[in-house]
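Commentary on secondary and tertiary structure
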Amino acid sequence: MGAAAEQGCSICIRNLRKYLSGRPVLRDVTFDVPKGETLGIVGRSGCGKSVLLKHVIGLMLPDSGRVLIDGKEIGLMNQEELYATRHRFGMLFQSAALFDSMSVGENVALGLFHNTDMSEPEIIEKVDSCLGMVGLHGLENRMPSELSGGMKKRVGLARAISMDPEVLLFDEPTTGLDPIMAAVIDEVIADLVERLKTTAVVVTHDMRTVNTICHQVAFLHRGVIFAEGTPEEITRSDDEVVAQFIAGRADGPIRPRM
Amino acid sequence: MKLRKEPIPIRVIESVGEKVVVLSIGIGQLVMLVLDMVSRLPRLLRQPSLLIQQMESIGLRSLPVVIFASLFTGAVSAAQAGYQMQDYAPLSLIGALVGKAVILELGPVLTALVVAGRVSTSIAAELGTMRVTEQIDALETMAIDPIWYLAAPRFFAGLLMMPLLVVASTVVAIFGGYLVSHIMIDISTATFFNGVNMLFVMYDVVINQTKAFIFGGIVTLSGVFFGYRAGGGAEGVGQATINAVVTATVLILVFNYLIAEVML
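Residues numbered from 1 in each chain as written. Chains lettered and ligands numbered in written order. Predicted model: local features only at pLDDT ≥ 70, side-chain atom pairs only at ≥ 80, totals over all residues.

1. Remarks on the overall build of chain A
- A tally of helices and strands in chain A yields 10 helices and 10 strands.
- In terms of overall size, chain A behaves like a compact globule, its C-alpha atoms giving a radius of gyration of 18 Å where 258 residues would be expected to give roughly 18 Å.
- Principal axes of the C-alpha set define a box for chain A whose edges measure 55 × 40 × 35 Å.
- Taking all 258 residues of chain A together, 42% fall into the buried category.
- Long-range pairs, those at least 24 residues apart, make up 64% of the contacts in chain A between residues at least 6 apart in sequence. (Helix = DSSP H or I, 4+ residues; strand = E, 2+ residues; numbered from the N terminus. Rg over C-alpha atoms; globule rule 2.2 N^0.38 Å. Buried ≥ 20, exposed ≤ 12 C-beta atoms within 10 Å, placed from the backbone. Contact = placed C-beta atoms within 7 Å.)

This is the structure:
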């Protein structure tokens, strides 16, 4: 792909390769996420989805290959450029990763306090607005230990959107939640992405999440993007590997590691 | 999996070589961490609230246990001195002995060991938990530099507060020695403090504060280093905590000797 095409996409991953503890986790991963699109990355547990997401925001650097954000290679940025890029990102972690020594309000306010010139009343108003968007209005003073798993994810979401990001990254947003709470989180994410007009990458193995919020899906298998398409195309795929994953069958070409 | 075992000398060389490589990498990472923290000092001083918060947590909150330990250390050193000297030397020298021992050795070393038990472990456990629960990654994604936000305030708070804790410890330990000398051995106040004054030289205070400054760095750096690179869940945090306190304790004793060799 030429430089012009790379400039036109928000996130471009090119020939990414990563070894962890001597084992190849990502062998040759290439994909694009155009501006305003939501890409779902699906695959089996332990196939490297979260590792891939960490490369997108520069928490991990590739052994070879490139990660380009609006045409700029993240591995070549100095700390100032990297942090300036991260200002444009919001990330929801699988465990929510809330700061457990801080209240809900302080968690959401932290980025605003350190990275903006907003006054305290403006920050309080913004925190209130973000918590309102995820349906947690008025919980500013609760501590993370007092929240359920679903509430923690929603606080994580409120924190991720507090800086008005252009790109949102979601790492297993519904894992560990009951089906009803998972559906609530899916709806909140779909609503946020639509309202904020953000580009998004969602790592998940929950096909309902993919069908609810993603425009495109990439199926990560054995360290490469094995299949790509719209959620409908992936769901209707007649490839045996993809079909086994979608149907959630134990028997098929993918042999579960016991 | 290796099925054929190498001869014993080869295995020994491999094992030693592997440990040397791991140690060299660790030392390199430690040096890089210190340089990273030093580079964040100007910003830390411009926004001192993080530093002040850690100075309170590391310094002020360690004060009660340091005072308690120092009081009894001074007391036992006077009791020991009295017992050892009773048949061989005038008891009026107890003050001199207690003063010299406390200022040069017991004050800095004991305070550092007590603070290592409290602070190195606490820092390693806190940062280790933040590492394994992705809270440090979360800070990174929010464009908040974790070295500036978490590591540097703790390290510099240790460097700044340990000398003050050692001053408090030294004063309280001498007072503890005085109490025992006065009450149990029946030495007058004037005799005890004349003894302290007799062998006192200002250079002892320089040694006392040099040790305190270096030990302050060792205590917090051990906690920050092992906590920051913890991995592997709860077990990893536990291991980081053990490594932090063991390393701090060993380094305090080693550097105590080195400083004595260099400065005495």
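Still more to cover.
2. Comments concerning the overall build of chain B
- On a plain count of helices and strands, chain B comes out with 10 helices and zero strands.
- Its helices and strands in sequence order give chain B the pattern α-α-α-α-α-α-α-α-α-α, from N to C terminus.
- In terms of overall dimensions, chain B has a C-alpha envelope of 70 × 55 × 30 Å along the principal axes.
- Taking all 264 residues of chain B together, the buried fraction comes to 43%.
- Within chain B, contacts between residues at least 6 apart in sequence are counted, and of these 88% link residues at least 24 apart.

3. Things to note about the packing of helix 4 (residues 104–115) of chain A against helix 6 (residues 149–161) of chain A
Residues and elements named next belong to chain A.
- It is the contact of helix 4 with helix 6, at a shortest axis distance of 8 Å, that shows an interaxial angle of 25°. When the axis of helix 4 is compared with that of helix 6, the two are roughly parallel. In the crossing of helix 4 with helix 6, the sense of the turn from one axis to the other is right-handed. Across the interface between the two elements, Val104, Asn107 and Val108 from helix 4 touch Val155, Ala158 and Arg159 from helix 6. (Axes fitted to C-alpha atoms, helices over the stretch in contact; angles between N-to-C directions. Parallel < 35°, antiparallel > 145°, perpendicular 65-115°, else oblique. Left-handed = near helix turned anticlockwise from the far one by under 90°.)

4. Here we look at the domain arrangement of chain A
Residue and element names in this part refer to chain A.
- Examined at the domain level, chain A breaks down into domain 1 (1–88 + 166–176 + 198–250) and domain 2 (95–164).
- One C-alpha centre belongs to domain 1, the other to domain 2; they are set 26 Å apart.
- Opposite the four residues of domain 1 that make contact, domain 2 presents five residues.
- Grouping the constituent residues of the side of domain 1 that touches domain 2 by class yields two nonpolar, two polar and no charged. (Domains from an automatic or database assignment. Nonpolar A, V, L, I, M, F, W, Y, C, P; charged D, E, K, R; others polar.)

5. What to know about unusual backbone geometry
All names here are of chain A.
- One non-glycine residue, alanine 97, lies in positive phi territory at about 50°.
- Of note, alanine 97 is situated in the loop between strand 6 (89–92) and helix 4.
- Judged by local crowding, alanine 97 falls into the buried class, with 24 C-beta atoms found within 10 Å.
- In this structure, aspartate 164 takes a positive phi of about 50° despite not being glycine.
- For aspartate 164, the position within the fold is in the loop between helix 6 and strand 7 (167–171).

6. Digging into helix 2 (residues 49–56) of chain A
- With eight of its eight residues buried, helix 2 of chain A lies for the most part within the structure.
- Three or more residues of helix 2 of chain A are buried, namely Lys49, Ser50, Val51, Leu52, Leu53, Lys54, His55 and Val56 of chain A.

7. Some points on the interface of chain B and chain A
- Taken residue by residue, the interface counts 10 residues in chain B and 15 residues in chain A.
- For the side of chain B that touches chain A, the class distribution of residues is four nonpolar, three polar and three charged.

8. With respect to the nonpolar core
- Of all hydrophobic cores here, the largest spans 137 residues; its most connected members are Leu169 and Val201 of chain A together with Val115, Met162 and Val219 of chain B.
- In terms of domain composition, this core takes at least three residues from each of domain 1 (1–88 + 166–176 + 198–250) and domain 2 (95–164) of chain A.
- In contact with valine 219 of chain B, other than residues within four places in its own chain, are Ala112, Val115, Ala116, Val119, Ser120, Gly158, Met162 and Ala248 of chain B. (Core = buried A, V, L, I, M, F, W, Y, C linked by C-beta atoms within 7 Å.)

9. Examining the environment of valine 217 of chain A
All names here are of chain A.
- Locating valine 217 in the fold gives a position in strand 9 (residues 216–221).
- Residue valine 217 is classed as buried on the basis of its 26 C-beta neighbours within 10 Å.
- Spatially, the C-alpha atoms of valine 217 and aspartate 238 are 15 Å apart, while their sequence positions differ by 21 residues.
- When near neighbours in sequence (up to four residues on either side) are disregarded, valine 217 contacts Gly40, Val42, Val210, Gly229, Pro231 and Ile234.

10. Some thoughts on the pairing of strand 4 (residues 64–69) of chain A
Residue and element names in this part refer to chain A.
- Relative to strand 5 (residues 72–73), strand 4 runs antiparallel, the two sharing two bridges. Within the sheet, the bridge partner assigned to isoleucine 69 lies in strand 5 and is lysine 72.
- The antiparallel hairpin formed by strand 4 and strand 5 contains two residues in its connecting segment, where aspartate 70 sits at a positive phi of about 50°. (Pairing = 2+ DSSP bridges.)

11. Quick notes on the confidence of the model for chain A
Residue and element names in this part refer to chain A.
- Residues of chain A with pLDDT of at least 70 account for 95%, and the chain-wide mean is 90.
- Looking at the elements of chain A, mean pLDDT is at its lowest for helix 1 (residues 3–8), recorded as 41, and at its highest for helix 4, recorded as 96.
- Scored below 50 in pLDDT, residues 1–8 shows five contacts in the model against residues more than four places distant or in partner chains. (pLDDT = per-residue confidence, 0-100.)

12. Some words on the environment of glycine 46 of chain A
- Structurally, glycine 46 of chain A is set in the loop between strand 3 (38–42) and helix 2.
- When the C-alpha atoms of glycine 46 of chain A and valine 25 of chain A are compared, they prove to be 8.7 Å apart, with 21 residues separating the residues in sequence.

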